[in-house]
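Geometric and topological summary
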Amino acid sequence: MITTFSPRSQQAVPLFLIPVMAIGVLKATGLTTLAGLDLTILSVLLAVGAALIRPAPGLSLRLVLVTPWFAFLLVSILGVLIATPSAWSDRKAQSFFLITVPVCFALLLMIGNSANCRFLFRAWIASGTLLSVIALLTDNSETVSGRESINGNTLGLSYMAGMAAVLAVFGWSDRWLSAGVALPILGLNVYTMVVVGSRGPLVAAAVAFLYWILASKDRLKRVLTVVAVVTIAAVPAWILAPEPSKNRLQWSDPFRGQLRDAAAETWLNNPFLGVGFGGYVNHNPWQFQYPHNIFLEVASELGLPGIAALTAILVTSAIRVWRYWRYPEARALGAVALWWLTAHQFSSQISSRWLWLALLPCMLIPALVADSPEGRTRANDDRKHNVAG
């Protein structure tokens, strides 16, 4: 039997997602198992266990709100059934259905109000900042790439650091983080992104910070403060960054263009159902696992049903962010989703748990903001309108 605890004792449960968010990068340190069990699996079990013990009230509404995601799951199951078996297709299916999907269900159980939502933001911030600290304290001069990393892990580190930086700005802007906490977090994680030198996170950061400037109701002074902190962190980072990191900032990448072209051609040849979940690897001459673009990945592997389901998720998310724009939680969730969507046009894939931890909360916004002062005002206005009608 699932027991519902008081909101005060339940609101911090999303912090149990920190291991799920960070463990993929932390494994580069050599910390992969505990008592013989894989740490990724243990982190999933921890999140699911915490969610089952202390779920947020109102689960039935949240399940309805994420209906487009369930449609995507059904399409993905069909994609698994029609895919040509391969080591990669099996691995991708296992990653998605045994790790990402359980984590998403844990998320649906965990977050049901604005307090939960802000602890979810804190989980993102804690994960990225922890990884930045580990990277800066670890000697990485012997890595093959020569870039700043955690024992060779560069991309995941940079993405998580950037996510922490973006949410630190929103936390300070919306007054749930003090300047003394938010600005050092911002500076540390911007420094990490620059010294790593991955292009995708830097582009995602630029997009997210522009979004914040447009979304923010702050005065120019606060915007200029953020710009100053970013500059103070980025300039020495660039000076101290190893040459391989600086060389990575050359924006042209013909090979990734070829990967995307191969995905587009695969979809045109298999427009209705695609080539199956994880099937792209068999339809490009380099046997690369994914095309570094989630839209082309979904089109090539899941066909028109996959495109329709993903579009429904994105449109639903965008509409809810726009409709509830006046709520700070909605604006911050929009930034998280925009960050990961931008990032997934450069790397990663549709089975990534980071992507779905970003998109699902956007669909849940009507439930998440209902307990806020603005939410109560809106509900009262709606009741008055109905009575008048």
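Up top is the structure.
This section reports on the structure supplied with the text.

For the rest of this paragraph, the subject is the pattern of salt bridges. Opposite charge on two side chains lets them pair, provided their charged atoms get close. The full count for this structure, using the stated rule, is five salt bridges. Across the pair Asp38 and Lys27 runs a salt bridge whose closest N-O atoms are separated by 2.8 Å. Linking Asp38 in strand S2 (residues 37-38) with Lys27 in the loop between helix H2 (18-26) and strand S1 (33-34), this pair joins segments that are eleven residues apart in sequence. Linked through salt bridges whose partners overlap, the residues forming this network are Lys92, Glu297 and Glu301.

The N-to-C vectors of helix H10 (residues 199-215) and helix H15 (residues 328-343) enclose an angle of 155 degrees; their axes lie 8 Å apart at closest approach. One way to sum up the angle between H10 and H15 is to call them roughly antiparallel. In terms of crossing hand, the pair formed by H10 and H15 is right-handed. Facing Pro201, Val203, Ala204, Ala205, Val207, Ala208, Tyr211 and Ala215 of H10, the residues of H15 in contact are Ala330, Arg331, Gly334, Ala335, Leu338, Trp339, Thr342 and Ala343. Among the residues forming the contact of H10 with H15, the class breakdown is 13 nonpolar, two polar and one charged.

The biggest cluster of nonpolar side chains holds 113 residues, and the ones touching the most others in it are Trp69, Phe72, Trp124, Trp339, Trp340 and Trp356. The greatest single-element share of this core, amounting to twelve residues, is contributed by helix H8 (residues 155-173). Every residue in contact with Trp124, bar those within four places of it in the chain, is listed here: Met21, Met160, Met163, Ala164, Leu167, Val336, Trp340, Trp354, Leu357 and Ala358.

Cut-offs and rules
Residues numbered from 1 in each chain as written. Predicted model: local features only at pLDDT ≥ 70, side-chain atom pairs only at ≥ 80, totals over all residues. Heavy atoms only, no water. Salt bridge = Lys/Arg side-chain N within 4 Å of Asp/Glu carboxyl O. Helix = DSSP H or I, 4+ residues; strand = E, 2+ residues; numbered from the N terminus. Axes fitted to C-alpha atoms, helices over the stretch in contact; angles between N-to-C directions. Parallel < 35°, antiparallel > 145°, perpendicular 65-115°, else oblique. Left-handed = near helix turned anticlockwise from the far one by under 90°. Contact = heavy atoms within 4.5 Å. Nonpolar A, V, L, I, M, F, W, Y, C, P; charged D, E, K, R; others polar. Core = buried A, V, L, I, M, F, W, Y, C linked by side-chain atoms within 4.5 Å. Buried < 20%, exposed > 50% of the residue type's maximum accessible area, 1.4 Å probe, protein only.

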